[in-house]
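What follows is the residue order along each chain.
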Amino acid sequence: MIIRNIGELVGIVPEGVLRKQGAGMAETGVLKDAWLAVGDGRIAGFGPMGTEPSDGESVDAEGGMVMPAFCDSHTHVVYAGSRDGEFLDKINGLSYEEIAARGGGILNSSDLLHETSEDELFRQALVRVREMMAKGTGALEIKSGYGLNPEDELKMLRVIRRIRESVPALVKSTFLGAHAVGRGYTHEGYVQAVVDMMPKAAELADFVDVFCDEGFFTVDDTDRILTAGAACGLRPKIHANELAVSGGVQVGVKHGALSVDHLERTTDAEIEALRGSATMPTMLPGSSFFLGIPFGRAKEFIADGLGVALASDSNPGSSPSGDMRFVMALGCIRMRLTPVQALNAVTLNSAYAMGVSDVTGSVTPGKRADLILTHPGWTLTKIPYLYQTPFIRQVFLGGQVLV
Ligand code: NIG
Ligand code: FE
């Protein structure tokens, strides 16, 4: 298949570039008046109009833009029901911590999940994932963490596997047993239970995560859990520095985390710890927006030479949206990233943060054809600027057209 008459093909990255950092965040390859060929679900080639192959089925882009599909490296889309009751508490002035302290929050979702059958959990999550794909997400990571006991954590991980097998998007799975202390456990007892769950979880999960933050898990707990994860071959991607300067970034980097996520509260020591590491700092502007907490200091990280990824954190408590276009818009509007920096943050760098930037996240020959074709007249800058106007004409995932 050939997409012809592309007004602007953006997100072109040379083969072998797996992430963008520092000044590189401001760069993306752009080709105007272009074609792009797809074969076997992969990007077969691209070039200026006039040089396109003449055979095969063709789609006329009519001047629309083609960009890489979004990669969402941090989500909690497998959950049961909703927490709209807590939304009312929040409107009435309670903070995320206060809601959690009253038995709401993560434990509320854990109770709901316990009562929900595996099939029903799958059905509810699939609706959310389909909405995200229709909004342009081509790869997503999904975490456990609302089970909080061995049976229910494995139930979540099986649901994530079933989603992976059911959708054309690329899905990665993370064991977040240490999301909150499960009901009926002491803190110590639960940390041990998470360590004990690791071998079974590792049969289903790609990564291990810990909510290393004030009121949840300490640096020492995190150290123990990540050590157990490493023994089972699980690389960390962790929650850090959302509620306090927690030490989570440092312990994550020490364990070679693929990403450290949230980072609403950081000092120069966190930048220092990340410098020269393989860890991708990942910020979640949807939860800053929804909770009314600080946005991450992305510009300062980038000025220091680091890369930044952005993800949705889609979950019922702190970010009830998996809309990556809105994440990109918040990156520009609230974090002052340029549209090109934000594009790199929601495509190549977020692909890196979930370990898939060798196969998706950019327009690169040989990568999966995970692409967004916009309506005519759209440019990269208009995507965050006209932040609520529908812009997607078609989404291609693995070359398949999503209808
Ligand atoms: O990433 N911060 C911890 N976990 C989620 C929130 C989960 C919830 O409230 O259900 C987050 O924001
Ligand atoms: Fe999260």
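No experiment lies behind these values; they were computed from the predicted model shown.

1. Looking at the overall build of the protein
The number of helices and strands found in the protein is 15 helices and 16 strands. Here the protein has a C-alpha radius of gyration of 20 Å; the compact-globule value for 403 residues is 22 Å, and the two agree. Of all 403 residues assigned to the protein, the portion counted as buried reaches 59%. Carbon and sulfur atoms make up 52% of the accessible area of the protein, which totals about 14,900 Å². Charged side chains in the protein number 36 positive and 49 negative. The centres of these two groups are separated by 3 Å.

2. Some points on the packing of helix H4 (residues 118–134) against helix H5 (residues 150–166)
One way to put it is that H4 packs onto H5 with a least axis distance of 10 Å and a crossing angle of 50 degrees. Taken together, H4 and H5 sit at an angle that is classed as oblique. Helix-helix and strand crossings are classified by hand; for H4 and H5 the assignment is right-handed. Touching Glu 118, Asp 119, Leu 121, Phe 122, Ala 125, Leu 126 and Val 129 of H4 are Lys 155, Arg 158, Val 159, Arg 162, Ile 163 and Ser 166, all from H5.

3. Section: the sheet that holds strand E11 (residues 259–262)
Strand order in this open sheet of eight strands is E6-E7-E8-E9-E10-E11-E12-E13, and the pairing throughout is parallel. Both edges of this open sheet fall to strand E6 (70–72) and strand E13 (309–310), since each of them pairs with a single strand only. When E6 meets strand E7 (residues 137–143), the two strands line up parallel, connected through three bridges. Opposite Asp 72, over in E7, you have Leu 140 as the bridge partner. Here H4 sits on the sheet in contact with E6 and E7, set at roughly 145 degrees to E7. Against the sheet, helix H12 (residues 324–333) engages E6, E7 and E13, with an angle of about 90 degrees to E6.

4. Some details on the pairing of strand E2 (residues 29–39)
Relative to E2, strand E1 (residues 2–12) runs antiparallel, the two being bridged by seven bridges. Bridging across to E2, Leu 9 finds its partner in Leu 31. Across six bridges, the pairing between E2 and strand E3 (residues 42–48) is antiparallel. Note that in E3 the partner of Ala 37 across the bridge is Gly 45. Linking E2 to E3, which pair antiparallel, is a turn of two residues; within it Asp 40 sits at a positive phi near 55 degrees.

5. Points about the environment of Pro 365
Tracing the chain through its elements places Pro 365 in the loop between helix H14 (348–352) and strand E14 (371–376). Distance in space between the C-alpha atoms of Pro 365 and Gly 322 is 28 Å, their sequence separation being 43 residues. Setting aside anything within four residues of it in sequence, one finds Pro 365 in contact with Ile 43 and Phe 46.

6. Section: the pattern of salt bridges
In this structure the tally under the stated criterion is 22 salt bridges. The network of salt bridges with shared partners includes Glu 131, Lys 135 and Asp 323.

7. Structural notes on the coordination of the iron ion (ligand 2)
Around the iron ion (ligand 2), the protein contributes the donor atoms His 74 (NE2), His 76 (NE2), His 239 (NE2) and Asp 313 (OD), at 2.1 to 2.3 Å from the metal centre. Between consecutive donors of the iron ion (ligand 2), the numbers of intervening residues give the motif H-x1-H-x162-H-x73-D. Placement of His 239 in strand E10 (residues 235–240) and of Asp 313 in the loop between E13 and H12 is noted, with a sequence separation of 74 residues between them. For Asp 313, a relative accessible area of 1% corresponds to the buried category.

8. Notes on the side chain of Arg 325
Structurally, the position occupied by Arg 325 is in helix H12. The side chain of Arg 325 is buried and forms no salt bridge, while Asp 323, the nearest opposite charge, is found at 6.1 Å. A polar side-chain atom of Arg 325 sits 2.8 Å from the main-chain carbonyl oxygen of Ile 383. There is a polar contact of 3.0 Å between the side chain of Arg 325 and the backbone oxygen of Thr 389. In contact with Arg 325, other than residues within four places in its own chain, are Phe 70, Trp 378, Lys 382, Ile 383, Leu 386, Tyr 387, Gln 388, Thr 389 and Phe 391.

9. Details of the site of ligand 1
Neighbouring ligand 1 are 15 residues; Tyr 96, Tyr 146, His 179, Glu 242 and Ser 318 lie closest to it. Within the contact set of ligand 1, a nitrogen atom lies 2.6 Å away from a side-chain nitrogen or oxygen of Glu 242. Relative to its unbound accessible area of 330 Å², ligand 1 is 100% covered by the protein chains. Grouping the constituent residues of the shell around ligand 1 by class yields four nonpolar, eight polar and three charged.

10. Topic: unusual backbone geometry
Its identity is not glycine, yet Leu 148 carries a phi of approximately 65 degrees, on the positive side. Within the fold, Leu 148 resides in the loop between E7 and H5. For Asn 241, which is not glycine, the phi dihedral falls at a positive 60 degrees. Following the sequence through the fold, Asn 241 ends up in the loop between E10 and helix H8 (248–254).

11. Considering H12
Judged by how many residues are buried, H12 sits mostly within the fold: eight of 10 residues are covered. Among all positions in H12, only Met 324, Arg 325, Val 327, Met 328, Ala 329, Leu 330, Gly 331 and Cys 332 are buried. Tucked inside the fold, the buried residues of H12 contact E6, E7, helix H10 (285–291), E13, helix H13 (339–346) and helix H15 (382–385). Two or three places before Arg 325, at the opening of H12, Asp 323 has a side-chain oxygen 3.0 Å from that residue's backbone nitrogen.

Reading guide: rules and limits
Residues numbered from 1 in each chain as written. Chains lettered and ligands numbered in written order. Predicted model: local features only at pLDDT ≥ 70, side-chain atom pairs only at ≥ 80, totals over all residues. Heavy atoms only, no water. Helix = DSSP H or I, 4+ residues; strand = E, 2+ residues; numbered from the N terminus. Rg over C-alpha atoms; globule rule 2.2 N^0.38 Å. Buried < 20%, exposed > 50% of the residue type's maximum accessible area, 1.4 Å probe, protein only. Areas by Shrake-Rupley, 256 points an atom, 1.4 Å probe, with all protein chains shown as cover. Lys, Arg positive; Asp, Glu negative; His and termini not counted. Charge placed at Lys NZ, Arg CZ, Asp CG, Glu CD. Axes fitted to C-alpha atoms, helices over the stretch in contact; angles between N-to-C directions. Parallel < 35°, antiparallel > 145°, perpendicular 65-115°, else oblique. Left-handed = near helix turned anticlockwise from the far one by under 90°. Contact = heavy atoms within 4.5 Å. Pairing = 2+ DSSP bridges. Salt bridge = Lys/Arg side-chain N within 4 Å of Asp/Glu carboxyl O. Donors = N, O, S within 2.8 Å, 3.2 Å for Na, K, Ca; no water. Polar contact = N/O pair within 3.5 Å; in protein donor to acceptor, adjacent residues only side chain to side chain. Near = heavy atom within 4 Å. Nonpolar A, V, L, I, M, F, W, Y, C, P; charged D, E, K, R; others polar.

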